[in-house]
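# Inside the fold
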Amino acid sequence: LTLIEAQMFGDISTCELLNLAWKGPRKQAPHVQPLVRRFNIISYWVATEVVMPRDVRTRVELIQRFLAVARRCLDMGNFNTTMELIAGLNHVSVTRLKRTWAELPARAHQQLQELNSLMDNQHNYKIYREQLAARRLPALPYLGIYLRDLVFLEEGNPNLLPAQEGAKPTLVNFEKLTLLAQVLAQITRYQ
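In this report, we go over the structure that sits alongside the text.

Calculation notes
- Residues numbered from 1 in each chain as written.
- Predicted model: local features only at pLDDT ≥ 70, side-chain atom pairs only at ≥ 80, totals over all residues.
- Heavy atoms only, no water.
- Salt bridge = Lys/Arg side-chain N within 4 Å of Asp/Glu carboxyl O.
- Helix = DSSP H or I, 4+ residues; strand = E, 2+ residues; numbered from the N terminus.
- Buried < 20%, exposed > 50% of the residue type's maximum accessible area, 1.4 Å probe, protein only.
- Axes fitted to C-alpha atoms, helices over the stretch in contact; angles between N-to-C directions.
- Parallel < 35°, antiparallel > 145°, perpendicular 65-115°, else oblique.
- Left-handed = near helix turned anticlockwise from the far one by under 90°.
- Contact = heavy atoms within 4.5 Å.
- Nonpolar A, V, L, I, M, F, W, Y, C, P; charged D, E, K, R; others polar.

On to the pattern of salt bridges, then. Within this structure, the stated rule accounts for six salt bridges. Its salt-bridge partner being K126, residue E130 comes within 3.6 Å of it at the nearest N-O pair. You can see E130 and its partner K126 sitting in helix 8 (residues 126-134), four residues apart, about one turn around the helix. Under the relative-accessibility criterion, E130 is labelled partly exposed at 44%. On the basis of relative accessibility, which here comes to 44%, the residue K126 falls in the partly exposed class.

Written out as structure tokens, the structure reads:
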């Protein structure tokens, strides 16, 4: 999982991340889209594997196995796959399995809680961002957060600013460009 996704992440060029090239009807990001699709495929695969068996014991074993894989990915610095696995385990079709969750050992519940806390979106993924920043390279960050940051920067800030109050926008918004460059530099660093 890590080798495949690291290669996919490394193939993304900065041009694919500018001007929201991966969004809209003319998606022009041939390396971003496959990684986004893979996120969805892996998370749905995890959910499907857990809900398919009729036996509660098998479901519990699968949840424990996926938690172990997520923990191993996290130990290797693979935050992207960790998030995929957590998303699968937190899928509504899995969380509604009350008897399965009741049979899951307390240690497994604790591991899932720790992983959920790490990847929690509160305060703009503060805990995750701190752990990623403190991590020695190599690391594979969760791409979705960078895409979210880029959408916020692109849609929330104009490209041009007016020279004077009420005047026609003519000045380049260098603050926006600086913030975009910082996000792209972070991505490039992990590549």
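With that out of the way, let us pick up the packing of helix 9 (residues 143-156) against helix 10 (residues 174-190). Geometrically, a packed helix pair is captured by the angle between its two axes and the distance between the axes. The contact between helix 9 and helix 10 brings their axes to 10 Å, and the two run at 165 degrees. The angle between helix 9 and helix 10 places the two elements in the roughly antiparallel class. Relative to helix 10, helix 9 is oriented so that their crossing is left-handed. Each of Y146, D149, L150, L153 and E154 in helix 9 lies in contact with helix 10, whose residues at this interface are K176, L179, L180, V183, Q186, I187 and Y190. Tallied by class, residues from the contact of helix 9 with helix 10 come to eight nonpolar, one polar and three charged.

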